[in-house]
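Structural characterization, general
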There are 2 protein chains.
Amino acid sequence: MTLSEENYLKVIYHLSADLQVISTNAIADKMQTKASSATDMIKKLSEKGLVAYKKYQGVTLSETGVHAARMIVRKHRLWEVFLVDKLAFAWDEVHEIAEQLEHIQSEELINKLDDFLGNPIVDPHGDAIPDRTGKMTLTKQRVLADLPEGDGGHLVGVKDSSAAFLQYLDKQQLTLGSRIQVLEKEAFDESMVLDVNGRQKSVSQKIARQLLLD
Amino acid sequence: MTLSEENYLKVIYHLSADLQVISTNAIADKMQTKASSATDMIKKLSEKGLVAYKKYQGVTLSETGVHAARMIVRKHRLWEVFLVDKLAFAWDEVHEIAEQLEHIQSEELINKLDDFLGNPIVDPHGDAIPDRTGKMTLTKQRVLADLPEGDGGHLVGVKDSSAAFLQYLDKQQLTLGSRIQVLEKEAFDESMVLDVNGRQKSVSQKIARQLLLD
DNA sequence: AAATATTTTTAGACAAATCTAAAAATAGAT
DNA sequence: ATCTATTTTTAGATTTGTCTAAAAATATTT
Ligand SMILES: [Mn+2]
Ligand SMILES: [Mn+2]
Ligand SMILES: [Mn+2]
Ligand SMILES: [Mn+2]
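Residues numbered from 1 in each chain as written. Chains lettered and ligands numbered in written order. Predicted model: local features only at pLDDT ≥ 70, side-chain atom pairs only at ≥ 80, totals over all residues. Heavy atoms only, no water.

**Observations concerning the side chain of Glu102(A)**
Short version of the rule: Where helices and strands are cited, they refer to DSSP runs of H or I of at least four residues and of E of at least two residues respectively, numbered from the N terminus. Accessibility here uses a 1.4 Å probe with only protein chains present; expressed as a share of the type maximum, an area under 20% marks a residue as buried, one over 50% as exposed, and anything in between as partly exposed.
As for its placement among the helices and strands, Glu102(A) is situated in the loop between α5 (95-101) and α6 (107-116). Look at Glu102(A) and you get buried, because its relative accessible area is 0%.

Dropping the structure here:
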């Protein structure tokens, strides 16, 4: 697989979390290319048996496609762990570099890296890391915005991993692992007053929709 | 710089150790491409000011070209140290993977990796690692084949880093750091009888020409 | 059910990196 | 010095991944 095929495949995989069938436009949007380019690549992936495709009907990943995509995601997330745990990068700085490292071809490398890192289960953003067979231990996570007053848990993940959002969380001291409880939920704008590790904080619904608790 | 430009630049840099002016054919040979492809790339590197080039007269690296090449070599060798020291790869297994990793674009990454590894001076094959400014501390090395009887030193490097040769050295327990002394030098075929860490070993001139002592 | 809007595909073009075959320049031999 | 062999460059084609513009199919609205 070429670097470009891998990037398309990964995008289709991530889109598959929300949609059953992935449209050409959705792929083009995420890849920041044109629909015509997406069509060309879809045909290529289809010929290789990585996606099922019928003209005008969108694509779905095949089994081998899912597995291939998971192996790329595995690499991406393991490298992110390496960058944060070993090289002391901040969690908002690792995405772009992992975007490159995920394309390094060597199964032995990634398995040795996995062992070196202590076979981590999640990456610095709380996302599950597929093991060498493609399996991932998914812990059930609840979206903070959905919780009623009084409920709570630990912050175990974020839906938005953009640098801007992660930096906001750092500033608010909303770090992974924080103990969070919903003190008040404002009916008017759905904003929340939280107890975060004993301190009171207020967050908008937009923020609360991105935070995942255990 | 594209991946391809980087590979060409590095090849020209390595050839510059032996030659003052690098021929198109020499580049094509090392790159395993055709002379016409080399010409095309030479023009590109020339336009970017990385090499000085005059038709039919070969190329020489410019100052910026040397610096850029050294930064790629730096990355290659630091990744090799990482693979051997941290991930427990053998020294004959790391070249291909480093060949990919050397193209990852992030100065911060490579400097943090450098620190993480303890700012090593040499890679697993005894080759000097340029520091972040491009400088490398070159220790004067002598080729074993040139030493007279009685002389010796520590094995600090190899000229041939091919997997086949490195595996031969492993088999012969000729590891980097070994204390070597020339016991006999056969006039007939220039083969040598050595004392390697107290044990006697015989090596052909072909081998002796690849081993570097301090 | 038509008409209209949107999505998707096709057709054709372009840049990057490669190749083959032929032409041009240089180097080596007589 | 001329001829010959080798090296190097050019010309033109190919592959990959992209684009724009236009055509075709599907979805939405009236
Ligand atoms: Mn990528
Ligand atoms: Mn991540
Ligand atoms: Mn390389
Ligand atoms: Mn090396």
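**Some remarks on the packing of aromatic side chains**
This is how the line gets drawn: A pair of aromatic rings is counted whenever rings of Phe, Tyr or Trp (Trp by its six-membered ring) have centres within 6.5 Å, and the orientation is called stacked for planes under 30 degrees apart, edge-to-face for over 60 and tilted otherwise. Placement of a positive charge over a ring is assigned whenever Lys NZ or Arg CZ falls within 6 Å of the ring centre and within 35 degrees of the normal to the ring plane.
A complete count under the given rule lists 9 aromatic pairs over all chains for this structure. Each ring, one from Trp79(B) and one from Phe82(B), has its centre 5.6 Å from the other, and the planes form 85°; the classification is edge-to-face. Placement of both Trp79(B) and Phe82(B) in helix α4 (residues 63-86) is noted, with a separation of 3 residues, approximately one turn of the helix. Taken as a pair, Trp79(B) and Phe82(B) share a single burial class, namely buried. The cationic tip of Lys86(A) hangs over the ring face of Phe116(A); the distance from NZ or CZ to the ring centre is 4.7 Å.

**Focus on the UniProt feature "domain: HTH dtxR-type" (unreviewed entry) in chain A**
What counts is decided by this rule: UniProt positions are given in the numbering used here, feature names are shortened, and annotations may be inferred rather than shown by experiment.
Per the UniProt annotation, the sites labelled "domain: HTH dtxR-type" (unreviewed entry) are residues 1-62 of chain A. The span residues 1-62 of chain A carries 55% helix and 10% strand; its end-to-end C-alpha distance comes to 15 Å.

**Here we look at the pattern of salt bridges**
This is how it is decided: By salt bridge we mean one thing: a side-chain nitrogen of Lys or Arg within 4 Å of a carboxyl oxygen of Asp or Glu.
All told, the structure shown has 20 salt bridges over all chains when counted by the stated rule. For Arg77(B), the salt bridge goes to Asp123(B), with nearest N and O atoms at 3.9 Å. Here Arg77(B) is found in helix α4, whereas its partner Asp123(B) is found in the loop between α6 (107-116) and β3 (142-143), with 46 residues between them in sequence. Exposure class is identical for Arg77(B) and Asp123(B). Each is buried. Through salt bridges with shared partners, one network takes in Arg74(A), Asp114(A), Asp115(A) and Arg132(A).

**Regarding the nonpolar core**
Inclusion rule: Think of a nonpolar core as a cluster: buried Ala, Val, Leu, Ile, Met, Phe, Trp, Tyr and Cys residues, connected wherever their side-chain atoms sit within 4.5 Å. Any two residues having at least one pair of non-hydrogen atoms within 4.5 Å are treated as being in contact.
Counting 32 residues, the largest nonpolar core has Trp79(A), Phe82(A), Trp79(B) and Phe82(B) as its most contacted members. For this core, the secondary structure elements donating two or more residues are α4 (63-86), α5 and α6 of chain A together with α4, α5 (95-101) and α6 of chain B. For Trp79(A), the residues in contact, after removing those within four places along its chain, are Leu101(A), Glu102(A), Leu109(A), Ile110(A), Leu113(A), Trp79(B), Phe82(B) and Leu101(B).

**Regarding the relation of the copies chain A and chain B**
Note the threshold: Only residues with pLDDT of at least 70 in both copies count here: their C-alpha atoms drive the least-squares fit that superposes the copies.
Relative to chain B, chain A is turned by 180° and slid 0.0 Å along the rotation axis, the superposed coordinates differing by an RMSD of 0.1 Å. Each copy turns onto its partner about a two-fold axis. In terms of proximity to the rotation axis, the leading residue of chain A is Leu101(A), whose C-alpha is 3.8 Å off the axis. When you check the interface residues of chain A against chain B, 100% turn up at the interface there too, and the contact is symmetric in its surfaces.

**Quick word on α4(A)**
Since the α-helix advances by 3.6 residues per turn, residues separated by three or four positions end up pointing in the same direction. Quick note on the threshold: Here a helix's expected span is defined as the number of its residues, less one, multiplied by 1.5 Å.
Taking 1.5 Å of rise per residue, 24 residues should cover 34 Å, and α4(A) covers 34 Å from first to last C-alpha, within 8% of that figure. Downstream of α4(A) by a residue or two, Ala88(A) has a phi angle that is positive, lying close to 65°.

**Some details on the interface of chain A and chain B**
Going by this rule: Each of two parts loses accessible area, computed with a 1.4 Å probe, when they are put together; buried area is these two losses added. Within 3.5 Å is the distance limit for a polar contact, defined as a pair of N or O atoms, with the added protein rule that one can donate a hydrogen and the other accept it, and that residues adjacent in sequence qualify only through two side-chain atoms. Nonpolar residues are Ala, Val, Leu, Ile, Met, Phe, Trp, Tyr, Cys and Pro. Charged residues are Asp, Glu, Lys and Arg, and all others, Gly as well, are polar.
At the interface, 20 residues of chain A touch 20 residues of chain B. Across the chain A/chain B interface, buried area totals approximately 1,600 Å², and carbon plus sulfur atoms make up 73% of it. Scanning the region where chain A abuts chain B turns up 0 salt bridges. In this structure, the connection of chain A to chain B is made through 4 residue pairs in polar contact (both at pLDDT 80 or more). For the side of chain A that touches chain B, the secondary structure elements donating two or more residues are α4, α5 and α6 of chain A. Here the side of chain A that touches chain B takes 5 residues from α6(A), the largest share from any one element. Its residues assigned to classes, the side of chain A that touches chain B shows 12 nonpolar, 4 polar and 4 charged.

**Here's the deal with the sheet that holds strand β4 (residues 152-158) of chain A**
Residues and elements named next belong to chain A. This is how the line gets drawn: DSSP bridges decide pairing: two strands pair if at least two such bridges lie between them. Note on geometry: axes are lines fitted to C-alpha atoms, helical ones only across the stretch in contact, with angles between N-to-C directions running from 0 to 180 degrees.
In space, the 6 strands of this open sheet follow the order β3-β8-β4-β5-β6-β7, with antiparallel pairing throughout. The sheet is open, and its two borders are formed by β3 (142-143) and β7 (199-203), each paired with just one other strand. As paired strands, β4 and strand β5 (residues 179-185) are joined by 3 bridges and run antiparallel to one another. From the neighbouring strand, Gly152 faces β5, where its bridge partner is Gln181. Taken strand by strand, helix α7 (residues 163-171) contacts β4, β7 and β8 (211-213), and its axis lies near 145° from that of β4.

**Thoughts on the coordination of the manganese ion (ligand 1)**
Rules: Atoms of type N, O and S within 2.8 Å of a metal are treated as its donors, and for Na, K and Ca the window is 3.2 Å; water is not considered, so some sites may appear to be missing partners.
Each protein donor to the manganese ion (ligand 1) is listed here as Asn7(A) (OD1), Glu99(A) (O), Glu99(A) (OE), Glu102(A) (OE) and His103(A) (NE2); together their distances run 2.2 to 2.7 Å. Positions of the donor residues of the manganese ion (ligand 1) along the chain correspond to the pattern N-x91-E-x2-E-H.

**Digging into the protein's contact with DNA strand D**
So the rule is basically this: When at least one non-hydrogen atom of a residue lies within 4 Å of a molecule or strand, that residue is treated as near it.
Ser37(A), Lys44(A), Lys43(B), Tyr53(B) and Lys55(B) are the nearest of the 21 residues found near DNA strand D. In DNA strand D, atoms within 4 Å of the protein come from the sugar-phosphate backbone in 76% of cases. Between DNA strand D and the protein, one listed contact pairs a phosphate oxygen with a side-chain N or O atom of Lys43(B) at 2.4 Å. Note that a phosphate oxygen of DNA strand D is positioned 2.6 Å from one of the side-chain N or O atoms of Lys55(B). Mapped by element, the contributors of at least two residues to the surface near DNA strand D are α1 (3-15) and α3 (35-47) of chain A together with α2 (24-31) and α3 (35-47) of chain B. Here the surface near DNA strand D is built from residues that sort into 5 nonpolar, 11 polar and 5 charged.

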